[in-house]
Amino acid sequence: MAEQLGDLTRTHACGALRADDVGADVVLLGWVHRVRDLGGLLFVDVRDRGGVTQVVVGGDDEALMAKAKRLRSEYVVGVSGRVQRRSADTVNPKLATGEVEVVARHLAVLNEAKTPPFPIADETPVSEDVRLKYRYLDLRRPRLQANIGLRHRVTSAVRQYFDAHGFWEIETPILTKSTPEGARDYLVPSRVHPGEFFALPQSPQLFKQILMIAGMDRYVQICRCFRDEDLRADRQPEFTQVDVEMSFARPETVFGVIEPLMREIFASIEREIETPFSRMTYAAAMAAYGSDKPDLRCGMPIQDIRELFRESSFRVFREIVAGGGTVRGFVVKNAAGYSRSEVDGIVEQAKQLGATGLVWARRAADGAVTSSVMKALGEDQVRQMLEATGTGNGELLLVAAGEPEPTSKMLGQLRLALARQKGLLNPDEYAFTWVVDFPLLEWDPEERRYVSMHHPFTSPHDADLDRLEREPGSVRAKAYDLVLNGSEIGGGSIRIHDAALQSRIFSLLNISPEEAKLRFGFFLEALEYGTPPHGGIALGLDRIVAILAGESSIREVIPFPKTAAAVDLMSDAPSPVDPKQLKELHLK
């Protein structure tokens, strides 16, 4: 039977005791981590989120020893006793408390525990479904406790930084209007207005812009967002972002706030990063890395070598170039050790990624040249290709030809796959870049209309305004993404602050004036009351913490995540509801 806490008051966290505390009387409260019974002595490791302390129970007090022998892993206990120094041969350098132990005088079993479905003390592999079903146990494990502690430190650093820089933290509504553009909304039926619905916010976009109209000047919020997206491996239906907006902002203004913020975040875990971050246009990122979120850690940029083949005797490449296509490739460093079968495996890998073929050429460590197209090209043109791309001794050049965008995308995927295989993506290296000048619009072949690449409130480049209706696909946006190690950790833009320009954008998106008024009428009206130029960004808190923690999935840094199928296994949600509730909501 569980004992009551009574007058037991914690004096120290279980990870706090040090050699300076020897001789102190202390009270520890926590969970039994491990028990080691040596007959006359019992060693009990007691754990809380602060760490582990070894407690010693001697044989002099028979009642105390009998109670201690009942202990099992995950029992909740209270221990009072005196701190003593461990003997030299029993010091545990792996523990912060490893120089000391507590000699127990009193032990209270505050609650017993069933045997957990997986070990808490050890990081043994456990299926994710089991971990998520028993998330309250999973969260006791050292790795998850460290991740959630890291998340706390990051959010604390974020709040302190923005407070010091004149931002106000302002909450925006959770129950709001459905304004679908992009992912599907989660809808909430209204009981008092039958047949009408609220929506959970995909982001606070319109509200933070309205806060700029309201003169709030600098806004920040660590907010929950909700998107009913198609299922993807590492997306969550609800997630957390650091939402930022500033009046009278240019892109440089936003960069000047966010770069020092990232420096502060990394400093909170004692890591240094270099600023300012590099910048590249969307077009340059797609050409050189085949992605708008390039991972720069491994180098190996994709190079355009089409001019070598404009008059080439190699008919395949010459005809592709003549038809408006491209020839592109990248250099794999330290590739002298690749066998011919391994190179053939890379060619097969490229085909699986969508390539119709892949040409290779390389210099051996002694400078000898070989190529898959030596006969077709001749040694002179193979050497030209190696010279043009800077391929050195012991390096391998991989080349593909075709339409520019799909060719670069395929090479970009192959580049990352090889970088992973060769261990070139150092998790302790942090390569930031801003990707700028995104297209404002992209063509949706299914809907047969232009859609916003970011959202319809993004401002076009001033220099491109005269092409809005004439060449909409060529218009650049004042949009920017912050990319870290191949992951987009933030996206933002300068917003449209002119009602007439906003109406032009809606027209390009095939949103009629009537539909615009129905969906965005409150916002369009607000724009007419003196809206300052403004812009901002939303940073993905979950992604940032996952990268800092060295985790490949954001589920490892979210306390209560959903599965990839958007299910909460712990609470069994979503689930049916009582028919009475549906009736009250006027739903069948």
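A. Layout of the sheet that holds strand β6 (residues 168–169). If you trace the eight strands from one edge of the open sheet to the other, you get β6-β9-β10-β22-β21-β20-β17-β11, paired in mixed fashion. Pairing within the sheet leaves two strands with one partner each, and these edge strands are β6 and β11 (278–281). Note: β6 against strand β9 (residues 218–226), two bridges, orientation parallel. Looking at β9, one finds that Glu169 is bridged to Val220.

B. Here's a closer look at the environment of Lys517. Examined against the element boundaries, Lys517 turns out to sit in helix α14 (residues 513–527). Of the residues examined, Lys517 reaches a relative accessible area of 66% and is grouped as exposed. As a C-alpha pair, Lys517 and Phe197 span 320 residues in sequence and 18 Å in three-dimensional space.

C. Examining α14 more closely. The terminal C-alpha atoms of α14, which comprises 15 residues, lie only 15 Å apart, well short of the 21 Å expected from a rise of 1.5 Å per residue. All of the buried residues along α14 are Ala516, Arg519, Phe520, Gly521, Phe523, Leu524, Ala526 and Leu527. Considering only its buried residues, α14 is in contact with α5 (205–213) and α13 (499–508).

D. Just the environment of Pro574, in detail. Considering the arrangement of structural elements, one finds Pro574 in the loop between α15 (541–549) and α16 (579–584). The exposure class assigned to Pro574 is exposed, which follows from its relative accessible area of 63%.

E. Representation of the layout of surface pockets. Each pocket or cavity is described by its volume, and for the second largest pocket that value is around 460 Å³. Arg49, Gly50, Gln145, Ala146 and Gly149 are, among the 19 residues lining the second largest pocket, the residues nearest its centre. Top contributing element to the lining of the second largest pocket by residue count: helix α4 (residues 142–164), with eight residues. Across the lining of the second largest pocket, the residue classes tally to seven nonpolar, six polar and six charged.

F. Looking closely at the packing of helix α9 (residues 340–352) against helix α12 (residues 404–421). Contact geometry of α9 with α12 gives a least axis separation of 10 Å together with a crossing angle of 135°. The orientation of α9 relative to α12 falls into the category oblique. The interaxial crossing formed by α9 with α12 has right-handed handedness. Between α9, through Ile346, Gln349 and Ala350, and α12, the contact on the second element is made entirely by Met410, Leu414, Ala417, Leu418 and Gln421. Taken together, the residues of the contact of α9 with α12 sort by class into six nonpolar, two polar and no charged.

G. Structural context of the pattern of salt bridges. Summed over all chains, the structure comprises 46 salt bridges. Between Glu238 and Arg224 there is a salt bridge, and its shortest N-O distance comes to 2.9 Å. Highlighted residues: Glu238 in strand β10 (residues 238–247) and Arg224 in strand β9, separated in sequence by 14 residues. Ionic pairing is found between Glu515 and Arg519, a salt bridge with its closest N-O pair at 2.7 Å. With a gap of four residues between them, Glu515 and Arg519 both fall in helix α14, about one helical turn apart. Classification of Glu515 as partly exposed rests on a relative accessible area of 30%. On the basis of relative accessibility, which here comes to 12%, the residue Arg519 falls in the buried class. A single salt-bridge network, built from bridges that share partners, covers Arg131, Arg135, Asp138, Arg141, Arg143, Glu551 and Glu556.

H. The arrangement of the nonpolar core in detail. Formed by 43 residues in total, the largest nonpolar core has its most connected members in Phe162, Ile258, Met262 and Phe432. Looking at which element gives the most residues to this core, the answer is helix α6 (residues 251–267), with eight residues. Among all residues touching Phe162, those that are not within four sequence positions of it are Phe167, Val220, Val242, Val244, Val257, Ile258 and Leu261. Counting 32 residues, the second largest nonpolar core, distinct from the first, contains Ile213, Val483, Leu508 and Ala516.

I. Geometry of a nonpolar patch on the surface. On the surface, a cluster of nonpolar side chains totalling about 300 Å² of accessible area is made up of Tyr136, Phe560 and Met570. Secondary-structure assignment places Phe560 in the loop between α15 and α16.

J. Spotlight on the pairing of β10. The element β10 is largely enclosed, with a buried count of nine among its ten residues. Two strands pair when backbone bridges link them, and β9 and β10 are joined in this way by nine bridges, in the antiparallel orientation. For Arg218, the partnering residue across the bridge sits in β10 and is Met246.

K. Here's a closer look at the sheet that holds strand β2 (residues 42–48). Here we have five strands rolled up into a closed barrel, ordered β1-β2-β3-β5-β4, and mixed in their pairing. Between one strand and the next, the sheet's axes are offset by a mean angle of 55°, whatever the strand orientation. Two strands pair when backbone bridges link them, and strand β3 (residues 51–57) and strand β5 (residues 100–111) are joined in this way by two bridges, in the parallel orientation. The partner of Val55 across the bridge, within β5, is Val102. On top of the sheet, helix α1 (residues 62–69) reaches β1 (25–37), β2, β3 and β5; it is set at about 70° to β5, its chief contact.

Parameters and conventions
- Residues numbered from 1 in each chain as written.
- Predicted model: local features only at pLDDT ≥ 70, side-chain atom pairs only at ≥ 80, totals over all residues.
- Heavy atoms only, no water.
- Pairing = 2+ DSSP bridges.
- Helix = DSSP H or I, 4+ residues; strand = E, 2+ residues; numbered from the N terminus.
- Buried < 20%, exposed > 50% of the residue type's maximum accessible area, 1.4 Å probe, protein only.
- Expected span 1.5 Å × (residues − 1).
- Contact = heavy atoms within 4.5 Å.
- 1 Å grid on protein atoms, 1.4 Å probe; cavity = no way out; pocket = protein on both sides within 12 Å on 5 of 7 lines; lining within 4 Å.
- Points joined across faces, edges and corners; volume = space filled by probe spheres on them.
- Nonpolar A, V, L, I, M, F, W, Y, C, P; charged D, E, K, R; others polar.
- Axes fitted to C-alpha atoms, helices over the stretch in contact; angles between N-to-C directions.
- Parallel < 35°, antiparallel > 145°, perpendicular 65-115°, else oblique.
- Left-handed = near helix turned anticlockwise from the far one by under 90°.
- Salt bridge = Lys/Arg side-chain N within 4 Å of Asp/Glu carboxyl O.
- Core = buried A, V, L, I, M, F, W, Y, C linked by side-chain atoms within 4.5 Å.
- Patch = residues over 30% accessible without salt bridge, like charges linked within 9 Å, V, L, I, M, F, W, Y side chains within 5 Å.
- Areas by Shrake-Rupley, 256 points an atom, 1.4 Å probe, with all protein chains shown as cover.

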